[in-house]
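A look at the structure
What follows is the residue order along each chain.
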Amino acid sequence: MPSTRSLSDLLAAPGIVVAPGAYDALSARIAMQAGAPAVYMTGFGVAGSTLGLPDIGLLSATEMADRVRALADAAMPAPLIADGDNGHGGPLNAARLTRLYEAAGAQCIQLEDQVFPKRCGHMEGKEVISLAEAAEKIRAAADARASREFKIMARTDARATHDLSEALRRGEAFLKAGADILFIEAPRDMAELQTIARTFKGVPLLANMVEDGKTPYLSARVLEEIGYKIAIFPVAALLAVTRRLEEVYATLLRGEGLPAGEPRVTFQRYNEIVGLPELLASAAKFSDETK
């Protein structure tokens, strides 16, 4: 397998990093093959694809770390940015999760300041913990990592529970606690996006582009002009695939099968995507070496 590219190098290079969302190993592999410079593991998508349930903190820390391992391997050489929810507990839990994610092959963990059970950032009814407790988690995660190459992304949901001023105050505290990347969740308009970028000029900022969400849905080019370094589109593929599954299963249950010309990959192309030719070649090589 090729060596994973460095997220540090991507952050230091000019231009914005577009990280499409992936929710399983297949989607991560396809995102990489499409040319993604980095891949974002969405907790929203992992909850849906693994359990068929909403993003409200139902997956355990070890289940999430197992999914990180699968996605990080499939996304290579693109680095994986992985959603760590609220750290699955207090500072010690956040530290343990950081070590698990780093060992599993991610290059960045995202930690948020929500209470447990958490909610997707674009759902209603969110609550956040105190600034002091949230900063402790970021400090614990920063101290727990084995290498500074592994990045800590701090996310605050305080814009929804308080106001933008509180979100900015928390962002500053998280940077002082050791965060490398800042994620102010769900700004409401262009003016708020611009205020965040001005306040944290020079800091790697992430913008979360969610279809039907609370933040203006902007292109990566516009976000770069504002001052953002990373643009994630976490659920775009998941929403599109979910609609497609609804259509396909409805067709199959009519007993018709897929019509000729229906948009799909061929059976052969699917096997190419998941690496069957390379794996069979490797197996043949090992067999030849033992003869």
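Residues numbered from 1 in each chain as written. Predicted model: local features only at pLDDT ≥ 70, side-chain atom pairs only at ≥ 80, totals over all residues. Heavy atoms only, no water.

Details of the packing of helix α4 (residues 61-75) against helix α5 (residues 91-104)
Two elements in contact, α4 and α5, have axes whose closest approach is 8 Å; the angle formed by their N-to-C orientations is 25°. The orientation of α4 with respect to α5, classified from their angle, is roughly parallel. Relative to α5, the crossing made by α4 is right-handed. Here A61, T62, M64, A65, V68, R69 and A72 of α4 come into contact with α5, specifically with R96, L97, L100, Y101 and A104. Residue classes in the contact of α4 with α5 are distributed as 9 nonpolar, 1 polar and 2 charged. (Axes fitted to C-alpha atoms, helices over the stretch in contact; angles between N-to-C directions. Helix = DSSP H or I, 4+ residues; strand = E, 2+ residues; numbered from the N terminus. Parallel < 35°, antiparallel > 145°, perpendicular 65-115°, else oblique. Left-handed = near helix turned anticlockwise from the far one by under 90°. Contact = heavy atoms within 4.5 Å. Nonpolar A, V, L, I, M, F, W, Y, C, P; charged D, E, K, R; others polar.)

A look at the packing of aromatic side chains
Applying the stated criterion across every chain, the model contains 1 aromatic pair. Between Y217 and F233, the ring centres sit 6.0 Å apart and the planes meet at 85°, which makes this aromatic pair edge-to-face. In this pair, Y217 is assigned in the loop between β7 (206-208) and α10 (220-226) and F233 in strand β8 (residues 230-233), connecting sequence segments 16 residues apart. (Phe/Tyr/Trp six-rings, centres within 6.5 Å; stacked < 30°, edge-to-face > 60°.)

Some points on the pattern of salt bridges
Using the criterion set out here, one finds 17 salt bridges in the structure. For R145, the salt bridge goes to D180, with nearest N and O atoms at 2.7 Å. Residue R145 is located in the loop between α6 (131-144) and β5 (151-156), and its partner D180 is located in the loop between α8 (164-177) and β6 (181-184); the two are separated by 35 residues in the primary sequence. Across the pair, exposure class does not vary: R145 and D180 are buried alike. With its nearest N and O atoms 3.4 Å apart, the salt bridge here joins R243 to E247. With R243 and E247 both in helix α11 (residues 236-253) and 4 residues apart, this pair spans about one turn of that helix. On the accessibility criterion, R243 (47% relative accessible area) is partly exposed. The class for E247 is partly exposed, based on a relative accessible area of 32%. If you follow the salt bridges from partner to partner, you end up with E112, K126, R155, D157 and E185 in one network. (Salt bridge = Lys/Arg side-chain N within 4 Å of Asp/Glu carboxyl O. Buried < 20%, exposed > 50% of the residue type's maximum accessible area, 1.4 Å probe, protein only.)

Overview of α5
Over its 14 residues, α5 runs 20 Å from end to end, which matches the ideal 20 Å to within 8%, given 1.5 Å per residue. Of the residues making up α5, those classed as buried are A94, A95, L97, T98, Y101, E102 and A104. In the core, the buried residues of α5 are packed alongside β2 (39-41), α4, β3 (80-83), β4 (108-112), α6 and β5. Remark: G105 follows α5 within two positions and exhibits a positive phi of approximately 110°. (Expected span 1.5 Å × (residues − 1).)

Here's the deal with the sheet that holds β2
In space, the 8 strands of this open sheet follow the order β6-β5-β4-β3-β2-β1-β8-β7, with parallel pairing throughout. With one partner strand each, in any of the chains shown, β6 and β7 form the two edges of the open sheet. Direction aside, neighbouring strands of the sheet carry axes that sit 25° apart on average. As defined by bridge partners, β7 adjoins β8 across 3 bridges and the pair is classed as parallel. Note on β8: the bridge partner recorded for A207 is A231. Relative to the sheet, α6 contacts β4 and β5, its axis offset from that of β5 by approximately 170°. (Pairing = 2+ DSSP bridges.)

Looking at empty space enclosed by the protein
All told, the structure shown has 2 cavities of 30 Å³ or more when counted by the stated rule. Taken as a whole, the largest cavity spans an internal volume of roughly 70 Å³. Contributing to the lining of the largest cavity are G43, A47, P54, D55, I56, G57, L58, L59, M64, D85 and H88. For the lining of the largest cavity, the residue count by class is 6 nonpolar, 3 polar and 2 charged. Taken together, F183, I184, E185, A186, P187, L193, L206, A207, N208, M209, T215 and Y228 make up the lining of the second largest cavity. Of all the elements in the fold, those that place two or more residues in the lining of the second largest cavity are β6 and β7. The element contributing the most residues to the lining of the second largest cavity is β7, with 3 residues. Of the residues in the lining of the second largest cavity, the class split is 9 nonpolar, 2 polar and 1 charged. (1 Å grid on protein atoms, 1.4 Å probe; cavity = no way out; pocket = protein on both sides within 12 Å on 5 of 7 lines; lining within 4 Å. Points joined across faces, edges and corners; volume = space filled by probe spheres on them.)

A closer look at the nonpolar core
General note: in soluble globular proteins, nonpolar side chains tend to be found buried as a group. Core analysis: the biggest nonpolar cluster contains 61 residues, and V39, M41, L80, Y101 and Y228 have the highest contact counts within it. Counting residues per element, this core draws most heavily on α4, which supplies 8 residues. Setting aside residues no more than four positions away along its own chain, Y101 makes contact with M41, M64, A65, V68, A82, D83, G84, A106, I109 and F150. If you look at the next biggest cluster of nonpolar residues, it comprises 15 residues, including L7, L10, I81 and L206. (Core = buried A, V, L, I, M, F, W, Y, C linked by side-chain atoms within 4.5 Å.)

A few points about the side chain of N86
Tracing the sequence through the fold places N86 in the loop between β3 and α5. Looking at N86, the relative accessible area reads 3%, which means it is buried. Engagement of the side chain of N86 in a polar contact is seen with the backbone oxygen of Q114, the distance being 3.4 Å. Setting aside its immediate chain neighbours within four residues, N86 contacts L111, E112, Q114, V115, F116, K118 and K137. (Polar contact = N/O pair within 3.5 Å; in protein donor to acceptor, adjacent residues only side chain to side chain.)

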